[in-house]
Amino acid sequence: MKDFEAEFLEGVESAEKDLSEPNTRSIVVDEPISESKRELLEANPNYAVLDSWKEIEDNIRQISIKKLSSPTAYTTRRHIMALVNAGELTPEVGSALEELSIARNRIVHETDYKLSKKAASKYLDLAADVAGLLVKLLT
């Protein structure tokens, strides 16, 4: 059986692959990890991942409500699907968001496992790029 971190990294690498697809690569913003996220990473890698996903989740919800008038009660997954179906997000970005969500969920449900800083950093780097893309859509 795979260990927790290997499964986590598999999801992150799958999201990274989705974002490197030709029709997506040009829209992804190469954003650095913020200083506050780096500090969080040093203190608690698991929490840094959860915090990064929360930022992405909030942006997804705002974009979906603003651009599509989606109901606020939609789940994050439903907001993502609506944005992909409306052409606001590419299917590859939608898939990457799903993979990042699954990786984040592993941390929530595996409370005894502490993620390494290296694995969390890989997630944070990709999450920063996705957050940059989402911020572009909000403006």
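How each quantity is defined
Residues numbered from 1 in each chain as written. Predicted model: local features only at pLDDT ≥ 70, side-chain atom pairs only at ≥ 80, totals over all residues. Heavy atoms only, no water. Axes fitted to C-alpha atoms, helices over the stretch in contact; angles between N-to-C directions. Helix = DSSP H or I, 4+ residues; strand = E, 2+ residues; numbered from the N terminus. Contact = heavy atoms within 4.5 Å. Nonpolar A, V, L, I, M, F, W, Y, C, P; charged D, E, K, R; others polar. Buried < 20%, exposed > 50% of the residue type's maximum accessible area, 1.4 Å probe, protein only. Lys, Arg positive; Asp, Glu negative; His and termini not counted. Salt bridge = Lys/Arg side-chain N within 4 Å of Asp/Glu carboxyl O. Core = buried A, V, L, I, M, F, W, Y, C linked by side-chain atoms within 4.5 Å. Phe/Tyr/Trp six-rings, centres within 6.5 Å; stacked < 30°, edge-to-face > 60°. Polar contact = N/O pair within 3.5 Å; in protein donor to acceptor, adjacent residues only side chain to side chain.

Enquirer: Any chance you could explain the packing of helix α3 (residues 35–43) against helix α4 (residues 45–68) here in plain terms?
Expert: Packed helix pairs are characterised by how far apart their axes lie and by the angle those axes make with each other. Their axes nearest at 6 Å, the elements α3 and α4 cross at an angle of 145°. In this structure, α3 uses Lys 37, Leu 40, Leu 41 and Ala 43 to contact α4, whose residues at the interface are Pro 45, Tyr 47, Ala 48, Asp 51, Ser 52 and Glu 55. Looking at the contact of α3 with α4 residue by residue, the class counts come to six nonpolar, one polar and three charged.

Enquirer: Would you explain the side chain of Asp 18 in this entry?
Expert: Relative to the helices and strands, Asp 18 is located in helix α1 (residues 4–19). Within the buried core, Asp 18 has no salt-bridge partner, and the shortest N-O distance to an opposite charge, that of Lys 17, equals 6.4 Å. If we skip the residues at most four places from it in the chain, Asp 18 touches Thr 24, Glu 92, Ser 95, Ala 96 and Glu 99.

Enquirer: Hey, could you run me through unusual backbone geometry in this one?
Expert: Trans peptide bonds make up the majority, and among non-glycine residues the majority have a negative phi. The phi dihedral of Ser 69 falls on the positive side, at around 55°, and the residue is not glycine. Here Ser 69 lies in the loop between α4 and α5 (76–85). Residue Ser 69 is classed as exposed on the basis of its relative accessible area, which comes to 62%.

Enquirer: Can you walk me through the nonpolar core in this structure?
Expert: Nonpolar side chains tend to gather and get buried jointly when the protein is soluble and globular. By size, the foremost hydrophobic cluster in this structure holds 35 residues, and its most contacted members are Phe 8, Ile 56, Leu 97 and Tyr 123. The element best represented in this core is helix α7 (residues 117–138), accounting for twelve residues. Leave out the neighbours within four places in its chain, and Leu 97 touches Trp 53, Ile 56, Ile 60, Ile 80, Leu 89 and Val 130.

Enquirer: For this particular structure, what's the right way to read the environment of Leu 124?
Expert: Note that Leu 124 resides in helix α7. Using a relative accessible area of 2% as the deciding quantity, one classes Leu 124 as buried. Put simply, Leu 124 and Leu 50 are 74 residues apart on the chain and 9.7 Å apart in space, counted from C-alpha to C-alpha. Residues in contact with Leu 124, not counting those within four places in the same chain, are Ile 33, Lys 37, Leu 41, Ala 48, Val 49 and Ser 52.

Enquirer: For this particular structure, what's the right way to read the packing of aromatic side chains?
Expert: Given two aromatic rings, one states the distance between the centres and the angle between the planes to describe the pair. Scanning all chains against the criterion turns up two aromatic pairs. Relative to Tyr 113, the ring of Phe 4 lies with its centre 4.4 Å away and its plane at 50°, an arrangement referred to as tilted. On the criterion of sequence distance, the pair formed by Phe 4 in helix α1 and Tyr 113 in the loop between α6 (91–109) and α7 is long-range, its members being 109 residues apart. Judged by its relative accessible area of 12%, Phe 4 is buried. Residue classification places Tyr 113 among the partly exposed residues on the basis of a relative accessible area of 25%.

Enquirer: Looking at this structure, how should I read the environment of Asp 18?
Expert: Judged by its relative accessible area of 15%, Asp 18 falls in the buried class. Linking Asp 18 and Ser 34, residues 16 residues apart in sequence, is a C-alpha distance of 23 Å. Of the polar contacts made by the side chain of Asp 18, one reaches the backbone nitrogen of Ala 96; its length is 3.4 Å.

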